[in-house]
Amino acid sequence: MKDKYKGIFLIILSAFCFALMNTFVRLAGDLPSIQKSFFRNFIAAIFAAVMIVKSGTSFRWNKGNLPDLLVRAIAGTVGILCNFYAVDHLVLSDASMLNKMSPFFVIIFSIFILRERVTVIQILCVAGAFLGSLLVIKPTFSNTDLLASSLGFLGGLGAGLAYTFVRKLGTKGENGNRIVFFFSAFSCLVTLPFLVFDYHPMSVSQTMILLAAGLSAAGGQFSITAAYTYAPGREISVYDYSQIIFSALLGFVFFSQVPDIWSIAGYCIICLMAVLMFFYNNRRESVKS
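What you see is a predicted model, and the numbers here were worked out from it, not measured in a lab. (Residues numbered from 1 in each chain as written. Predicted model: local features only at pLDDT ≥ 70, side-chain atom pairs only at ≥ 80, totals over all residues. Heavy atoms only, no water.)

Description of the packing of helix H4 (residues 92-99) against helix H6 (residues 120-137)
Relative to each other, H4 and H6 sit at 155°, their axes nearing to 10 Å. Classified by the angle their axes make, H4 and H6 are roughly antiparallel. When you trace H4 past H6, the crossing you get is left-handed. Of H6, the residues touching H4 (which contributes Asp94, Met97 and Leu98) are Ser133, Val136 and Ile137. Grouping the constituent residues of the contact of H4 with H6 by class yields four nonpolar, one polar and one charged. (Axes fitted to C-alpha atoms, helices over the stretch in contact; angles between N-to-C directions. Helix = DSSP H or I, 4+ residues; strand = E, 2+ residues; numbered from the N terminus. Parallel < 35°, antiparallel > 145°, perpendicular 65-115°, else oblique. Left-handed = near helix turned anticlockwise from the far one by under 90°. Contact = heavy atoms within 4.5 Å. Nonpolar A, V, L, I, M, F, W, Y, C, P; charged D, E, K, R; others polar.)

Structure follows, in structure tokens:
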């Protein structure tokens with residue numbers, strides 16, 4: 001039970017760190033999403049490299065895992081770029097909520113990639129979450145934020161595909177720190193040419209803010225990894241949605257943002273689907289055992 005509480009604390013801490021990362025990304029001002037992404041992943045790559053060296057493991061991936069690592073890295077890079085664009089153009093809690101569609105996309109991708117079976121209840125929860133996301137996106141031509149909302153949704157899809165391949169790599173024995181390092185280094189290499197040819201000069205404060213965003217992201221990444229070593233996902237994953245609360249509070253404090261009634265309704269539906277999935281999965285596991 002103590003380990004479960006540690007897991008809950010760590011996953012809530014990771015949610016706060018990721019909400020803080022999004023806040024810093026927004027505070028960095030009018031810089032390209034690619035430039036912000038580079039700094040975020042550069043810090044994460046350094047942290048992952050230090051962890052690999054400290055653990056005494058090799059930087060060389062396991063034989064046969066390169067294709068999966070590449071798909072994870074490409075999907076993760078697309079997911080971050082889309083999420084950062086949404087963070088810069090939407091209410092902070094809206095951007096965070098759309099990114100939190102990723103667990104539902106994991107279920108969909110797991111059917112085709114991991115050949116996992118899903119139940120009718122799980123499919124209904126995914127469908128309900130999608131309907132909730134439409135309330136946040138508000139897909140009408142009169143919605144001036146439609147592009148940012150759509151990219152935020154695409155960011156959640158990219159993250160879902162990336163997490164599916166993280167899970168696949170985990171089942172094949174790939175080291176977790178190596179997965180983080182490969183993704184972060186790959187993302188830096190991909191975005192570096194854009195940074196070189198279209199670099200936007202940054203003030204000292206912007207540089208410090210982006211470094212803080214990178215540190216927050218690293219804190220979130222390692223907190224969530226540690227959380228799942230203390231308790232299984234079925235027991236603690238629902239607490240990850242506390243990020244929406246943190247994002248809403250930080251958005252109000254720093255940017256005076258207040259989500260509209262449709263977005264709040266969408267949050268409620270998506271979180272309700274997550275809670276239903278949480279209890280359903282727990283019940284399934286208890287029946288199996």
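Considerations on unusual backbone geometry
Despite not being glycine, Arg115 shows a phi value in the positive range, around 55°. Mapped onto the elements, Arg115 comes out in the loop between helix H5 (102-113) and H6. The phi dihedral of Ser256 is positive, around 55°, even though this residue is not glycine. With respect to the element layout, Ser256 can be found in the loop between helix H11 (242-255) and helix H12 (261-288).

What to know about a nonpolar patch on the surface
Together, Leu27, Phe252, Val253, Phe254 and Val258 make up a nonpolar patch on the protein surface, roughly 500 Å² of accessible area in all. Top element by residues in the nonpolar patch is H11. It accounts for three residues. Relative to the assigned elements, Phe252 resides in helix H11. Among the residues examined, Phe252 registers a relative accessible area of 51% and is labelled exposed. (Patch = residues over 30% accessible without salt bridge, like charges linked within 9 Å, V, L, I, M, F, W, Y side chains within 5 Å. Areas by Shrake-Rupley, 256 points an atom, 1.4 Å probe, with all protein chains shown as cover. Salt bridge = Lys/Arg side-chain N within 4 Å of Asp/Glu carboxyl O. Buried < 20%, exposed > 50% of the residue type's maximum accessible area, 1.4 Å probe, protein only.)

Topic: the nonpolar core
Within the largest apolar cluster, 41 residues are counted, with the highest numbers of intra-cluster contacts made by Met21, Val25, Met97, Met101, Phe104, Tyr241 and Ile270. When residues in this core are grouped by element, the largest group, six residues, is from helix H3 (residues 66-89). In this structure Phe104 touches Cys125, Val126, Ala129, Tyr241, Ile270, Met273, Ala274 and Met277, once residues within four positions along its chain are discounted. If you look at the next biggest cluster of nonpolar residues, it comprises nine residues, including Ala28, Cys188, Met202 and Leu210. (Core = buried A, V, L, I, M, F, W, Y, C linked by side-chain atoms within 4.5 Å.)

Here we look at the confidence of the model for the protein
For the protein, the mean per-residue pLDDT works out to 88, and 96% of the residues sit at or above 70. Mean pLDDT across the secondary structure elements of the protein bottoms out at helix H10 (residues 233-236), with 66, and peaks at H3, with 94. (pLDDT = per-residue confidence, 0-100.)

Regarding the side chain of Ser223
Its location among the elements puts Ser223 in helix H9 (residues 204-230). A residue is classified by how much of its surface remains accessible, and Ser223, at 10% relative accessible area, is buried. Ignoring any residue separated from it by four or fewer positions in sequence, one finds Ser223 in contact with Leu10, Leu13 and Ser14.

Some thoughts on the environment of Ala227
Examined against the element boundaries, Ala227 turns out to sit in helix H9. When the C-alpha atoms of Ala227 and Thr164 are compared, they prove to be 18 Å apart, with 63 residues separating the residues in sequence. Apart from residues lying up to four places away in sequence, Ala227 is in contact with Gly7, Leu10, Ile11 and Ile236.

Description of the packing of aromatic side chains
Evaluated as defined, the whole model comprises 11 aromatic pairs. Arranged with centres 5.8 Å apart and planes meeting at 85°, the rings of Phe38 and Phe39 form a pair that is edge-to-face. Here Phe38 falls in the buried class, since its relative accessible area comes to 13%. Plain terms: the ring middles of Trp61 and Phe182 are 5.6 Å apart, the flat faces sit at 90° to each other, and that makes the pair edge-to-face. Here Phe182 lies in helix H8 (residues 176-197) and Trp61 lies in the loop between helix H2 (33-55) and H3, a separation of 121 residues in the sequence. Trp61 sits in the partly exposed class, given a relative accessible area of 24%. Across the ring face of Phe255, the terminal group of Arg26 is positioned such that the distance to the ring centre comes to 5.5 Å. Taking NZ or CZ as reference, Arg72 lies 4.2 Å from the ring centre of Phe183, over its face. (Phe/Tyr/Trp six-rings, centres within 6.5 Å; stacked < 30°, edge-to-face > 60°. Lys NZ or Arg CZ within 6 Å of the ring centre and 35° of its normal.)

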